[in-house]
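# Reading the structure
The lines below spell out each chain.
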Amino acid sequence: MKRTIIIPLLFCLSLIAMAQTNKDQEKNNYLIPVDKEQERQFIQDDLSLSFYAEEISRLLIPSNAAFGVIFRPSLFSESSITCDTQRRLLMYTTVDDGKTIWGCVCDATEVIEDGVERMRDKPENYQAPMMKTYSLTISNDALKHLLNLWSAAIGAAKPLQGDQNVLDGIGREFFINGKYARTHRGSIKEGRILRLLNLIGDLRQAIIDGDSVRAEKVCQESVSLTKEFESLK
């Protein structure tokens, strides 16, 4: 008799645990909106941060880029994937000399005097890192799929719920039509954000390899993910 009671009870408890796990995974499985004006005000008095923001934009976002994503690892070189919609051109841009934009910026904006680090009044002897850009032309359909994905993912962005605003050492900032959103650690363990990052990784490799077939396949695979983000609005 006890056996027949315990088994259904354990089954019910497992369902409750699964539901709670799914709820926790869903809780922050989206991008976080970024207020660029607020960000500029926050860093305007810090020479290193403000100059870094300028160089990130100058070196990683081509003037003809309509949308894209910027990668800012804490220990590795910065890079970006951007798209020129007029030419249907995907571009992967990365530091090409082993340095980081942040390191070069700090060398020019900070100085150590008598063992004490201080901020300069303005950048001095700045040497930007060498950059390299790979490019790949895509079809109209592929471009449409990527535009839809970026719009849906950023459009579904919302502030974090709970105390999970913790960086994971890698900044990933998406942008389109003057709107910005980033990832956070709590969102990339699994689910749609992990799928988004995996898709971006596949797209980056296709651009580097000049593999149009793979790029088209990745763009087609983004359709179902776009629908998931659209369902969050």
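Use the structure listed above.
Residues numbered from 1 in each chain as written. Predicted model: local features only at pLDDT ≥ 70, side-chain atom pairs only at ≥ 80, totals over all residues. Heavy atoms only, no water.

Turning our attention to the overall build of the protein. Along its length, the protein carries seven helices and nine strands. Buried residues in the protein amount to 37% of all 233 residues. Look at the contacts in the protein between residues 6 or more apart in sequence, and 67% of them connect residues 24 or more apart. As displayed, the protein has an accessible area near 13,600 Å², and 52% of this comes from carbon and sulfur atoms. (Helix = DSSP H or I, 4+ residues; strand = E, 2+ residues; numbered from the N terminus. Buried < 20%, exposed > 50% of the residue type's maximum accessible area, 1.4 Å probe, protein only. Contact = heavy atoms within 4.5 Å. Areas by Shrake-Rupley, 256 points an atom, 1.4 Å probe, with all protein chains shown as cover.)

Because the α-helix completes a turn every 3.6 residues, residues three or four places apart line up on one side. With 19 residues, helix α7 (residues 212-230) ought to run about 27 Å at 1.5 Å a step, and its terminal C-alpha atoms sit 27 Å apart, in line with that. Residues of α7 that are buried include every one of A215, V218, C219, S222, L225, T226 and F229, and no others. Contact partners of the buried residues in α7: β7 (131-137), α5 (140-155) and α6 (192-209). With a side-chain oxygen lying 3.3 Å from the backbone nitrogen of V213, the N-terminal cap of α7 falls on D211. (Expected span 1.5 Å × (residues − 1). Polar contact = N/O pair within 3.5 Å; in protein donor to acceptor, adjacent residues only side chain to side chain.)

Moving on: the pairing of strand β2 (residues 67-73). Two faces, one strand: in a regular strand the side chains alternate between the faces of the sheet. Counting buried positions over the seven residues of β2 gives six, a clear majority of the element. Strand direction decides the pairing type here: β2 and strand β3 (residues 79-84), joined by five bridges, are antiparallel. Bridging across to β3, F67 finds its partner in C83. Between β2 and β3, which pair antiparallel and follow one another directly, the connecting turn spans five residues. (Pairing = 2+ DSSP bridges.)

Let us now look at the packing of α6 against α7. The contact between α6 and α7 brings their axes to 10 Å, and the two run at 165°. With respect to their mutual orientation, α6 and α7 come out roughly antiparallel. Where α6 crosses over α7, the two elements pack in a sense that is left-handed. Contacts between α6 and α7 involve R192, I193, R195, L196, L199, D202, L203, Q205, A206 and D209 on the former and, on the latter, R214, A215, V218, C219, E221, S222, S224, L225, E228 and F229. Within the contact of α6 with α7, the residues separate by chemical class into ten nonpolar, three polar and seven charged. (Axes fitted to C-alpha atoms, helices over the stretch in contact; angles between N-to-C directions. Parallel < 35°, antiparallel > 145°, perpendicular 65-115°, else oblique. Left-handed = near helix turned anticlockwise from the far one by under 90°. Nonpolar A, V, L, I, M, F, W, Y, C, P; charged D, E, K, R; others polar.)

Now for the packing of helix α3 (residues 47-60) against helix α4 (residues 101-109). Remark: α3 packs on α4, axes separated minimally by 9 Å, with the N-to-C direction vectors making an angle of 135°. Judged on the interaxial angle alone, α4 and α3 are oblique. The chirality of how α3 crosses α4 is right-handed. Between α3 and α4, the residues in contact are L47, S48, L49, F51, Y52, E55, I56, L59 and L60 and I101, W102, V105 and T109, respectively. When its residues are assigned to classes, the contact of α3 with α4 shows ten nonpolar, two polar and one charged.

Tracing the chain through its elements places E173 in strand β8 (residues 170-176). Among the polar contacts listed, one links the side chain of E173 to the side chain of K36, at a separation of 2.7 Å. Those residues in contact with E173 that sit more than four places away from it in its chain are V34, K36, E39, G68, V69, I70, R72, Y180, A181 and R182.

With four bridges joining them, strand β5 (residues 110-113) and strand β6 (residues 116-119) adopt antiparallel strand pairing. When the sheet's bridge partners are listed, E110 is paired in β6 with M119. Following β5, the chain reverses through two residues before pairing antiparallel with β6; D114 in that reversal takes a positive phi of roughly 55°.

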